[in-house]
Amino acid sequence: PVPSSPPVTSTDLASPAAPDSVALTTVQSTPKRYLGLDPAMSCGWAIVTVVEQRVVAIEVGCLELDSSACTGGRCLDLQRQLQPLLSALPDLVCFETFIGHGRAADEISYALRTAIQMEMSSRSIECMQAMPQSWKLAAAGSGTADKAAVKAAIETNAGSAVPSKLPIGGRMLKFRDDASDAAGIALWGAKQKHASLSYAAPFSICAGASNEKRAESSSRKRPAL
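This structure is a prediction, so every number in the text was calculated from the model and none was measured. (Residues numbered from 1 in each chain as written. Predicted model: local features only at pLDDT ≥ 70, side-chain atom pairs only at ≥ 80, totals over all residues. Heavy atoms only, no water.)

Colleague: Lay out the side chain of Ser42 with the relevant residues and their values.
Modeller: Tracing the backbone shows Ser42 in strand β2 (residues 42-51). With a relative accessible area of 18%, Ser42 lands in the buried category. Here Arg176 takes part through its side chain, which lies 2.9 Å from a polar atom of the side chain of Ser42. Not counting residues up to four positions away in its chain, the partners in contact with Ser42 are Cys62, Leu63, Arg176 and Asp178. (Helix = DSSP H or I, 4+ residues; strand = E, 2+ residues; numbered from the N terminus. Buried < 20%, exposed > 50% of the residue type's maximum accessible area, 1.4 Å probe, protein only. Polar contact = N/O pair within 3.5 Å; in protein donor to acceptor, adjacent residues only side chain to side chain. Contact = heavy atoms within 4.5 Å.)

Written out as structure tokens, the structure is:
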């Protein structure tokens, strides 16, 4: 007689999962980059790098837009200045939601956010908006935290201070809170993708390279045609 197959046990069901577990570990070890933006004429930006559920690096900077241009020109200027930050595609881009107050100045706030969405859509990069109360709660533990409290919380979690100066518009200028706000927004985005996010402190919060240096670095990485 043909012998019957042995009954399937819980051990039999569990054993094939081992290769998947190894593969999952490999995927989790791949660095994930989250770009946070605080859209304004002084547009703060930050890139949070996460490895195995832990924040291992934060890079911050600020983009100063052309105040002499019209609304459309300012949006184009923002898109142009964002391009070096996207030379290595982030896994997610986050920016603060704007709630209008019926003022004339609201136009540029809405327009800059649309420009960001258009740029990310053209590159098939996932984009999310964060309500102010939500990202402040994620970054500083309070939905009503002010800029100083956000900056202090980020420094505490990293175990290091933010840089004293940033390359802005071709000059080294005093650190702006727009950059630490952007870091808080990026951390909110990271927490949307990592339920158990922690910090591999201490690590340095570094000033981002100027757009000129980023462009040079990007061109060196491109293969010659």
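Colleague: Explain the pairing of β2 to me, and be specific about the residues and the numbers.
Modeller: Side-chain direction in a regular strand flips from residue to residue, so the side chains alternate between the two faces of the sheet. With respect to burial, β2 is a largely interior element, 9 of its 10 residues being buried. With 7 bridges connecting them, strand β1 (residues 32-38) and β2 associate as antiparallel partners. Counted as the bridge partner of Arg33 is Thr49 from β2. Note that β2 and strand β3 (residues 54-64) share 10 bridges and pair antiparallel. Across the sheet, Ala46 pairs through a bridge with Val60, a residue of β3. (Pairing = 2+ DSSP bridges.)

Colleague: Talk me through the packing of aromatic side chains; I want residue IDs and the actual numbers.
Modeller: This model, assessed by the stated rule, comprises 1 aromatic pair. Seen from their ring centres, Phe98 and Tyr110 are 5.1 Å apart, and the 85 degrees between their planes marks the pair as edge-to-face. Of the two residues, Phe98 sits in the loop between β4 (92-96) and α4 (106-122) while Tyr110 sits in helix α4, which places them 12 residues apart along the sequence. (Phe/Tyr/Trp six-rings, centres within 6.5 Å; stacked < 30°, edge-to-face > 60°.)

Colleague: Tell me about the side chain of Gln81, and name the residues and values.
Modeller: Structurally, the position occupied by Gln81 is in helix α3 (residues 71-82). Reaching out from Gln81, the side chain makes a polar contact with the backbone oxygen of Glu64 at a distance of 3.1 Å.

Colleague: Can you lay out helix α5 (residues 132-140) for me, pointing to particular residues and giving the numbers?
Modeller: Pro132, Trp135, Ala138 and Ala139 are the residues of α5 that are buried. Viewed along the axis of α5, the buried residues span an arc of 140 degrees, placing them on a single side of the element. Elements in contact with the buried residues of α5: β4, β5 (127-130), α6 (147-158) and α7 (177-193). Phi for Gly141, located one or two positions after α5, is positive at around 80 degrees. (Arc of directions from axis to C-beta.)

Colleague: Can you explain the environment of Gly61? Please cite residues and give values.
Modeller: With respect to the element layout, Gly61 can be found in strand β3. Sequence separation between Gly61 and Gly208 is 147 residues, and the spatial gap between their C-alpha atoms is 5.2 Å. With residues up to four places along the chain from it excluded, the contact list for Gly61 reads Cys43, Gly44, Trp45, Leu166 and Ala179.

Colleague: Quick one: what's the story with the packing of α6 against α7, residue by residue and with numbers?
Modeller: Two elements in contact, α6 and α7, have axes whose closest approach is 9 Å; the angle formed by their N-to-C orientations is 65 degrees. Judged by the twist between their axes, the crossing of α6 over α7 is left-handed. Counting all contacts with α6, which are made through Lys147, Val150, Lys151 and Ile154, the residues of α7 involved are Asp177, Asp178, Ser180, Asp181, Ala183, Gly184 and Leu187. Of the residues that constitute the contact of α6 with α7, the class distribution is 4 nonpolar, 2 polar and 5 charged. (Axes fitted to C-alpha atoms, helices over the stretch in contact; angles between N-to-C directions. Left-handed = near helix turned anticlockwise from the far one by under 90°. Nonpolar A, V, L, I, M, F, W, Y, C, P; charged D, E, K, R; others polar.)

Colleague: Outline the pattern of salt bridges, listing residues and values.
Modeller: Note on pairing: side chains with opposite charge can pair once their charged atoms come close. Counted by the stated rule, this structure contains 6 salt bridges. Note that Arg176 and Glu64 form a salt bridge whose closest N and O atoms lie 2.9 Å from each other. With a gap of 112 residues between them, Arg176 in the loop between β7 (171-174) and α7 and Glu64 in strand β3 connect regions that are remote in the sequence. By relative accessible area, which is 35% here, Glu64 ends up partly exposed. (Salt bridge = Lys/Arg side-chain N within 4 Å of Asp/Glu carboxyl O.)

Colleague: Report on the confidence of the model for the protein chain, specifying residues and quantitative values.
Modeller: Segments scoring low in pLDDT should not have their predicted coordinates read at a detailed level. In this model, the protein chain carries a mean pLDDT of 86, and residues with pLDDT of at least 70 account for 80%. In this model residues 5-27 is a low-confidence stretch, pLDDT under 50, and it forms 2 contacts with partners more than four residues away in sequence or in other chains. (pLDDT = per-residue confidence, 0-100.)

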